[in-house]
Number of protein chains: 2
Amino acid sequence: MSKVMPAPGYVHGYSPDEARRLGDQADTLAGLLHSGTSYPAGSRVLEVGCGVGAQTVHLVAGSRAARLTAVDISAASLARARAAVAASAPGAAVQWHQADLFDLPFADAAFDHLFVCFVLEHLADPVAAAAGLRRVLAPGGTITVIEGDHGSAFFHPDSPAARAAIGCLVALQAAAGGNGLLGRQLQPLLAAAGYRDIAVRPRTVYVDPTRPALVEGFTRNTFTAMVAGVRDEAVAAGLVGAAEFDRGLADLRRTEGGTFHYTFAKATAVSPGR
Amino acid sequence: MSKVMPAPGYVHGYSPDEARRLGDQADTLAGLLHSGTSYPAGSRVLEVGCGVGAQTVHLVAGSRAARLTAVDISAASLARARAAVAASAPGAAVQWHQADLFDLPFADAAFDHLFVCFVLEHLADPVAAAAGLRRVLAPGGTITVIEGDHGSAFFHPDSPAARAAIGCLVALQAAAGGNGLLGRQLQPLLAAAGYRDIAVRPRTVYVDPTRPALVEGFTRNTFTAMVAGVRDEAVAAGLVGAAEFDRGLADLRRTEGGTFHYTFAKATAVSPGR
């Protein structure tokens, strides 16, 4: 849903609240997003765009004997990621590198597996990014991509105002060069980037009052908080009036007593070599 | 998504094409919708609103030793259902009854389990229907409800015209007294109907060109066919112009080369007794 990838107009910002939101999101969704991802002992795994380490801690937990390397373009984010892994898995030997994913400091075919979560949605040319990553991936190696899709959200009670507020987030992310609807596009994206054996699986988060941890961890502290985070920018951009946006937010909060659905996409694919 | 429940303005109609569409849908989705549903030997199971038997054949297959009864209000549909089960499971001993679900010809607490698939979406008061069904359910018995939600559909390439065409289907179903967005409402519905231990699980259909059977069986022959089926009624009702609707249909067909998502809801709950 969001990742610390500095870019002009990065839609979610870099505040302490935002870093906490990313942590809430990752912990709440870890089972949903990471199930099925476990790399073999000794395999060389690269997390591209690790940000503050929200997913890295789960990668480490799921693949204790893999050789994990993590890169991010932000030194500040890397420092937080390193601290997060040290706290959750003392002694885990992750290699950390500050680097741009379009200019990675690794030899050709240096990795057996790539893991790329909530990164491509923020890039103007995600196909070029995914294609470029094949350079550091051994032939026959895998890429795993996870993305959200804000157009997948639906809820009860339904609300045109809430849908309009979500639309503002999508519009602002597009204006910043990203794509908040990327989850639905992973199969064509990876095909265009030259991967084969592409398998996409939807991972649908479903929330109702019988699941209070998800009401708080997902509906309130992840999704509604993310939409609320673009309020001032959306109003300033003239996308919506303040009162209308606030009505949408109030309606999103009302779904905490109803139901909420959001679908992530998780894709795996194989590199045929260069 | 649809069920043969005669009612004024039943949105999907009763044509041979529609019956074939129901069969395509049920066979394509059987694994997705029926997994987890298997009733014990000797247990008394009632399928409410079996229609042409599209789901009944899968119930029989999954619970060979249960004692299955199926009711529908339409004698013609029941005859088709009986033939379908005879063809798919010769010797299966299903009891068939023509009856209105609001006036079932069974004793109180006559069943251990109820199965209700694509029925409540067509009723003006689904809470009253679900509450009324508790009469024939033994205390501690379960109800299983499956519904679609047309507002859950999202796809690539995205298309406002396609979304508008889907909106026509939802509007016509509402005008006929039904609710095409019922999937998202099953938890509050069953709570209001007096059930406890309610557990709802989303079942998301995901389609892309790597899954050609679903492209044909779901995107084309189930979903797009369902939307196409209301074209003339939507245009006659003035909901949309013919050209605009046809553009929406063309855009839905274009998703056969892209991706398509649709989320069903499957709920189970327990009756506390009357």
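We now turn to the structure provided with this report. What you see is a predicted model; the values in this text were computed from it and never measured.

A short note on the packing of aromatic side chains
Residue and element names in this part refer to chain A. With the rule as written, the count across this model stands at 18 aromatic pairs over all chains. Measuring from ring centre to ring centre gives 5.0 Å for F223 and F260, while their planes differ by 50°; the resulting arrangement is tilted. With F223 in helix 7 (residues 212-228) and F260 in strand 8 (residues 259-270), this residue pair connects regions lying 37 residues apart in the sequence. With respect to class, F223 is no different from F260; both count as buried. Clustering of aromatic rings is evident, with ring pairs tying together F118, F155, F218, F223, F260, Y262 and F264.

Comments concerning the environment of F118 of chain B
All names here are of chain B. By the secondary structure assignment, F118 is in the loop between strand 4 (111-117) and helix 4 (126-133). Since its relative accessible area comes to 0%, F118 is described here as buried. Through-space distance from the C-alpha of F118 to that of G180 is 10.0 Å; in sequence the pair is 62 residues apart.

Things to note about helix 9 (residues 242-254) of chain B
Helical periodicity: at 3.6 residues per turn, an α-helix aligns residues three or four positions apart in one direction. Residues and elements named next belong to chain B. In this model, helix 9 (13 residues) spans 18 Å end to end at C-alpha, consistent with the 18 Å of a helix rising 1.5 Å per residue. The set of residues buried in helix 9 consists of F245, G248, L249, D251 and L252. Angular distribution of buried residues about the axis of helix 9 spans 160°; they occupy a single face of the element. The secondary structure elements touched by the buried residues of helix 9 are strand 6 (154-156), helix 5 (160-175), helix 7 (212-228), helix 8 (231-236) and strand 8 (259-270).

Overview of the relation of the copies chain A and chain B
Laying chain A over chain B is done by rotating through 180° and shifting 0.0 Å along the axis; what remains is an RMSD of 0.0 Å. Seen this way, the second copy is the image of the first under a two-fold rotation axis. A shared interface surface links the copies, since 100% of the contact residues of chain A are contact residues in chain B too.

Regarding the layout of surface pockets
The space that makes up the largest pocket amounts to roughly 710 Å³. Lining the largest pocket are 25 residues, with G151, A153 and R163 of chain A together with G151 and R163 of chain B positioned closest to its centre. Secondary-structure elements contributing two or more residues to the lining of the largest pocket are helix 5 (160-175) of chain A together with strand 6 and helix 5 of chain B. At six residues, helix 5 of chain A tops the list of elements feeding residues into the lining of the largest pocket. Split into classes, the residues belonging to the lining of the largest pocket amount to 13 nonpolar, six polar and six charged.

Looking at the interface of chain A and chain B
Of the residues lining the interface, 25 residues belong to chain A; the matching set on chain B comes to 25 residues. Carbon and sulfur atoms supply 61% of the area that chain A and chain B bury against each other, a total of about 2,100 Å² over both sides. On the chain A side of the contact with chain B, F154, R184 and Q187 of chain A bury the most area, a combined 30% of that side's loss. Linking chain A with chain B are two salt bridges. A salt bridge links D158 of chain A to R184 of chain B, with the shortest nitrogen-to-oxygen separation between them at 3.8 Å. Seen at the junction of chain A and chain B, the total is seven residue pairs in polar contact (both at pLDDT 80 or more). Sorting the residues of the side of chain A that touches chain B by element identifies strand 6 (154-156), helix 6 (186-192), strand 7 (196-207) and strand 8 of chain A as the ones contributing at least two each. At six residues, the largest contribution of residues to the side of chain A that touches chain B is made by strand 7 of chain A.

Analysis parameters
- Residues numbered from 1 in each chain as written.
- Chains lettered and ligands numbered in written order.
- Predicted model: local features only at pLDDT ≥ 70, side-chain atom pairs only at ≥ 80, totals over all residues.
- Heavy atoms only, no water.
- Phe/Tyr/Trp six-rings, centres within 6.5 Å; stacked < 30°, edge-to-face > 60°.
- Helix = DSSP H or I, 4+ residues; strand = E, 2+ residues; numbered from the N terminus.
- Buried < 20%, exposed > 50% of the residue type's maximum accessible area, 1.4 Å probe, protein only.
- Expected span 1.5 Å × (residues − 1).
- Arc of directions from axis to C-beta.
- Contact = heavy atoms within 4.5 Å.
- Least-squares fit on C-alpha atoms with pLDDT ≥ 70 in both.
- 1 Å grid on protein atoms, 1.4 Å probe; cavity = no way out; pocket = protein on both sides within 12 Å on 5 of 7 lines; lining within 4 Å.
- Points joined across faces, edges and corners; volume = space filled by probe spheres on them.
- Nonpolar A, V, L, I, M, F, W, Y, C, P; charged D, E, K, R; others polar.
- Buried area = accessible area lost by both parts, 1.4 Å probe.
- Salt bridge = Lys/Arg side-chain N within 4 Å of Asp/Glu carboxyl O.
- Polar contact = N/O pair within 3.5 Å; in protein donor to acceptor, adjacent residues only side chain to side chain.

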